[in-house]
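One letter stands for each residue in the lines below.
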Amino acid sequence: MSQPLSVNIAGGGPAGLYLSILLKNADARARVRLFERNRADDTFGWGVVFSDQTLGNLRARDAQTHDEIVASFAHWDDIDVHFGGRVITSGGHGFAGIARKRLLQILQRRAQALGVDLNFQCEVTDLQQIRDADISVAADGANSRIRALGAAHFKPDIDRRKCKFVWLGTDKPFDAFTFYFEPTQWGWFTVHAYRFDQDTSTFIVECREETWKAAGLERADTAATLAFCEQLFSKQLAGHRLMANSAHLRGSDWINFNRVSNRHWTHENIALLGDAAHTAHFSVGSGTKLALEDAIGLCDALQSEPTPRQAFATYEAQRRIEVLKLQNAARNSTEWFENVARYAGLPPEQFAYSLLTRSQRISHENLRLRDKGYVERMELWLARSAANGSRPSRGHQPGTAVPPMFTPFRLRELDLRNRVVISPMDMYSAVDGIPTEFHLVHLGSRALGGAGLLYTEMTCVSPEGRITYGCTGLYNEDQMRAYARIVDFVHQHSPAKICLQVGHSGPKGSTKLMWEGIDEPLESGNWEVVGPSSIPYGPQNQTPRALTRSGMLEILRQFERATHFGIAAGFDMLELHCAHGYLLSSFITPLMNRRTDEYGGSLENRLRYPLEIFAAMRAIWPSQKPMSVRISATDWVEGGISGDDSVEIARAFQRAGADLIDVSTGQTSREAEPVYGRMYQTPYADRIRNEVGIATMAVGNIFEPDHVNSIIAAGRADLCALARPHLADPAWTLHAAAQLGYLNQWWPNQYLVGKSQYERNLARAAEIASANI
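Here the structure is a predicted model, which is why all the values come from computation and not from measurement.

Conventions used here
Residues numbered from 1 in each chain as written. Predicted model: local features only at pLDDT ≥ 70, side-chain atom pairs only at ≥ 80, totals over all residues. Heavy atoms only, no water. Helix = DSSP H or I, 4+ residues; strand = E, 2+ residues; numbered from the N terminus. Buried < 20%, exposed > 50% of the residue type's maximum accessible area, 1.4 Å probe, protein only. Polar contact = N/O pair within 3.5 Å; in protein donor to acceptor, adjacent residues only side chain to side chain. Contact = heavy atoms within 4.5 Å. Patch = residues over 30% accessible without salt bridge, like charges linked within 9 Å, V, L, I, M, F, W, Y side chains within 5 Å. Areas by Shrake-Rupley, 256 points an atom, 1.4 Å probe, with all protein chains shown as cover. Salt bridge = Lys/Arg side-chain N within 4 Å of Asp/Glu carboxyl O. Core = buried A, V, L, I, M, F, W, Y, C linked by side-chain atoms within 4.5 Å. Axes fitted to C-alpha atoms, helices over the stretch in contact; angles between N-to-C directions. Parallel < 35°, antiparallel > 145°, perpendicular 65-115°, else oblique. Left-handed = near helix turned anticlockwise from the far one by under 90°. Nonpolar A, V, L, I, M, F, W, Y, C, P; charged D, E, K, R; others polar. Pairing = 2+ DSSP bridges. Phe/Tyr/Trp six-rings, centres within 6.5 Å; stacked < 30°, edge-to-face > 60°. Lys NZ or Arg CZ within 6 Å of the ring centre and 35° of its normal. Right-handed = clockwise from strand over helix to strand, strands pointing away.

**Overview of the side chain of Asp718**
Right, so step 1: Tracing the backbone through its elements, the reader meets Asp718 in the loop between helix 25 (705-713) and strand 30 (719-722).
Right, so step 2: Residue class for Asp718 comes out buried when judged on its relative accessible area of 6%.
Right, so step 3: In this structure the side chain of Asp718 is engaged in a polar contact, spanning 3.1 Å, whose partner is the side chain of Arg689.
Right, so step 4: Every residue in contact with Asp718, bar those within four places of it in the chain, is listed here: Phe409, Arg419, Arg689, Ile694, Ala695, Thr696 and Ile712.

Shown next as structure tokens:
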């Protein structure tokens, strides 16, 4: 833009101040006015955390501001986790802290020196107050007045979270970012503490809102809050005092974190910036980072685009993706701290690891880069723990450090050599329900590929229970013999185990092969489909016949028959498919079950039929062999199955004798709106495992060895099922072992020369990469 801009900024926090500095740096002629409702030295909170990456961005934009901030820093590398009478330390995290008041003073001085018109104790209560400029910027925080006035245009979504927290200071200087976890008669209290100058530290106390109320803190003023927290953490404070700076706040010192997002960040000549546009929970330390990077992004867009309107579009498009990534990570972190009680049963080693990797931004290998010694100690602890729960197998030496994915695991009398599972994948290649040569090669090659456990595709209990004409079945001797041939191959040529997954298509039956149109009905030759109610999966699908009690009993007998055939075929494990909108899933979800008898209505009633089938199968299946259940832990539809429901579903199957819950989601409605991302279903497996106390299998966009190692080490699941990665690479597990330098992974004797060459090539590539750094 060739003409100097006039800019009004509402909000004198770091976001507004830094934007004013950048705008004046870009064009000294710019007329920049800033309005702040508080006094210049008012601030909520004590210290601000910066990462090395954020500092690099500041250095490039305004070296003077950067240098003054850095000169005021307190640095630390370690995170100390105090839990269960232990202190577990992880290093290499590279953070720095500064007093929030000091940061504001630096930014205020720099803005004044550049000619920014700073106006304190000047609250913007009407949009017209700031409309007399080319652009107006709302940088007035999470409780933005500007955003509220323009809510019809910005369309904010404010999610009030479950914890209360109070932001205190202390004269105890911490040498590491420190977490304290303190159990009380009312519930868990957590402290996030870090030093931001030579003598002072931030001391944030957080707890569930119901815990806060039970402890009587709802009625506590500032003095009472300080007294309570000093008493509760007297041992940790060791005589040091707590301090508050909340006099300018309206109401209680304790507040809830609000997760703020907006459908639109700009309207006409107004742009939202920082917390006014989006918030990220303080536990990821990224609120100030996002605010400053917003300022950089908006300033860059204003300089590069010909008009403010085009600049606003560029700013929002470029910043929204990065913000969404951080907000997703912050959501994971928020939920972890909201559910400390869920993880309190973990051993201290695993509790600390779960904490460190809670956001999914920090992974196993990322931790190794930060602190190799910590990761090796964690791997050693996990290997010893796994060895104690499983029979030692050849190639595995209990007590030596092992990548988590290669630790053994036991279910009843079934011992698995590692935690990698070939996920059940429909191949649509059966003939009259009989597995073909394709299935032998498909499953056989993946057994040779090193995974600890293989799953069959959903094997249907009757011709009418098939999804497509190409689906496998287990309702006659020919099918059983074909499967027995596959099982025999797996057992004779690999140490892998194999699980039979059985199910009935229900309302989603009589459809085309996947590559012809997944879940689409056949053009001709359809068979009748059934369900709990006469509700089709989608408008184009058949309307199912609602099952009568006699029809339900007939299908139960079909599941029993398939179980007997599974025993005869020699399978090691059996899974009942109760997910993805197929028959038993359609009984569980209220979206498809509208029955008024004892099999409809409440969740307990909707579970009755799937549990009857599971009990009948468990009574037949050998007691030494495990059984699992696949569930959809959420329907991703308002009014459908929720995460809370999934916990109760898992508990019900656990009581019925299930050994593992295979945790998937969705595919129960065409109206579903899933939130995709890396390992996006793992949080459901995590919750079920750690709230119910049953083994779980995570599945869904898990595609790197690092994903598997992180999930297993954190105790988020016990097994990881990978589908598409194994379609692309049948030897995914063998390759992962070589990439991680784990030499004790079993390889077929026939492939050992390939193993040696593959490992040499990896070593050579690593040497070349190291030389080029």
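The structure having been displayed, the exposition proceeds.
**Some remarks on a nonpolar patch on the surface**
Right, so step 1: On the surface, Met514, Trp515 and Ile518 cluster together into a nonpolar patch covering about 350 Å² of accessible area.
Right, so step 2: Among the structural elements, Ile518 can be located in the loop between helix 18 (514-517) and strand 24 (530-531).

**Things to note about the nonpolar core**
Right, so step 1: Phe181 and Ile661 are the most contacted members of the largest nonpolar core, which totals 122 residues.
Right, so step 2: The biggest single contributor to this core is helix 19 (residues 549-569), with seven residues.
Right, so step 3: With residues up to four places along the chain from it excluded, the contact list for Ile661 reads Val629, Ile631, Ala650, Phe653, Ile688, Ile694, Ala695, Thr696 and Met697.
Right, so step 4: In this structure, Leu104, Val124, Ile130 and Ala277 belong to the second largest nonpolar core, which totals 62 residues.

**Let's talk about the environment of Gln108**
Right, so step 1: Checked against the element boundaries, Gln108 lands in helix 4 (residues 100-114).
Right, so step 2: Measuring from C-alpha to C-alpha, the distance between Gln108 and Pro14 comes to 9.1 Å, with 94 residues separating the pair along the chain.

**Some words on the pattern of salt bridges**
Right, so step 1: Overall, the coordinates contain 42 salt bridges when judged by the stated rule.
Right, so step 2: When the shortest N-O distance is used, the salt bridge between Glu520 and Arg670 registers 3.4 Å. Placement of Glu520 in the loop between helix 18 and strand 24 and of Arg670 in the loop between strand 28 (660-664) and helix 24 (682-692) is noted, with a sequence separation of 150 residues between them.
Right, so step 3: On the basis of relative accessibility, which here comes to 29%, the residue Arg670 falls in the partly exposed class.

**Thoughts on the packing of helix 16 (residues 437-447) against helix 17 (residues 477-493)**
Right, so step 1: For the pair helix 16 and helix 17, interaxial distance at closest approach is 9 Å and the crossing angle is 20°. The angle between helix 16 and helix 17 places the two elements in the roughly parallel class. When you trace helix 16 past helix 17, the crossing you get is right-handed. Contacts between helix 16 and helix 17 involve Glu437, His439, Leu440, Leu443, Gly444 and Ala447 from the former and Arg485, Ile486, Phe489 and Val490 from the latter.
Right, so step 2: Within the contact of helix 16 with helix 17, the residues separate by chemical class into six nonpolar, two polar and two charged.

**Things to note about the sheet that holds strand 7 (residues 95-99)**
Sheets are built from strands that pair by backbone hydrogen bonding, the pairs being arranged parallel or antiparallel.
Right, so step 1: One open sheet accounts for three strands, arranged 3-7-4; its pairing is antiparallel. The strands lining the two open edges of the sheet, one partner per strand, are strand 3 (47-51) and strand 4 (74-76). Pairwise comparison of adjacent strand axes, ignoring direction, gives a mean angle of 25° for this sheet.
Right, so step 2: Strand direction decides the pairing type here: strand 3 and strand 7, joined by five bridges, are antiparallel. If you follow Gly47 over to strand 7, its bridge partner there is Ala99.

**With respect to the packing of aromatic side chains**
Right, so step 1: Tallying each qualifying case throughout the model produces 35 aromatic pairs.
Right, so step 2: Relative to Phe228, the ring of Trp186 lies with its centre 5.8 Å away and its plane at 45°, an arrangement referred to as tilted. Of the two residues, Trp186 is situated in the loop between strand 11 (177-183) and strand 12 (188-195) and Phe228 in helix 8 (residues 222-232); the sequence distance between them amounts to 42 residues.
Right, so step 3: Ring centres of Tyr599 and Tyr609 lie 6.3 Å apart, and the angle between their planes is 90°; on these two criteria the pair is classed as edge-to-face. With Tyr599 in the loop between helix 20 (583-588) and helix 21 (603-606) and Tyr609 in helix 22 (residues 608-620), the pair connects residues that are 10 residues apart, well separated along the chain.
Right, so step 4: Here the aromatic cluster, defined as three or more aromatic residues joined through ring pairs, consists of Trp76, Phe83, Phe95, Phe177, Phe179, Phe181, Trp188, Tyr194, Trp336, Phe337, Tyr343 and Phe351.
Right, so step 5: Here Arg466 stacks its cationic end above the ring of Trp527, 5.5 Å away from the centre of that ring.

**What to know about the pairing of strand 2 (residues 31-36)**
Right, so step 1: Along strand 2, five of the six residues are buried, which leaves the element largely enclosed by surrounding structure.
Right, so step 2: In terms of strand pairing, strand 1 (residues 6-10) meets strand 2 through five bridges, oriented parallel. Paired with Ile9 across the two strands is Leu34, which belongs to strand 2.
Right, so step 3: Taken together, strand 1, helix 1 (residues 14-26) and strand 2 form a β-α-β motif whose crossover is right-handed.

**Here we look at the environment of Asn143**
Right, so step 1: Within the secondary structure, Asn143 is located in the loop between strand 9 (135-138) and helix 5 (145-149).
Right, so step 2: For the pair formed by Asn143 and Arg618, sequence separation is 475 residues and the distance between their alpha carbons is 55 Å.

**What about the sheet that holds strand 1?**
Right, so step 1: The strand order 8-2-1-9-17-16 describes an open sheet built from six strands, whose pairing is mixed. Only two strands of the sheet have a single neighbouring strand rather than two, namely strand 8 (117-120) and strand 16 (266-267).
Right, so step 2: Packing of helix 1 onto the sheet brings it into contact with strand 1, strand 2, strand 8 and strand 9, and relative to strand 2 it is tilted by some 170°.
Right, so step 3: Together, strand 9, strand 16 and strand 17 (270-272) form the strand contacts of helix 11 (residues 308-338), whose direction differs from that of strand 17 by roughly 15°.

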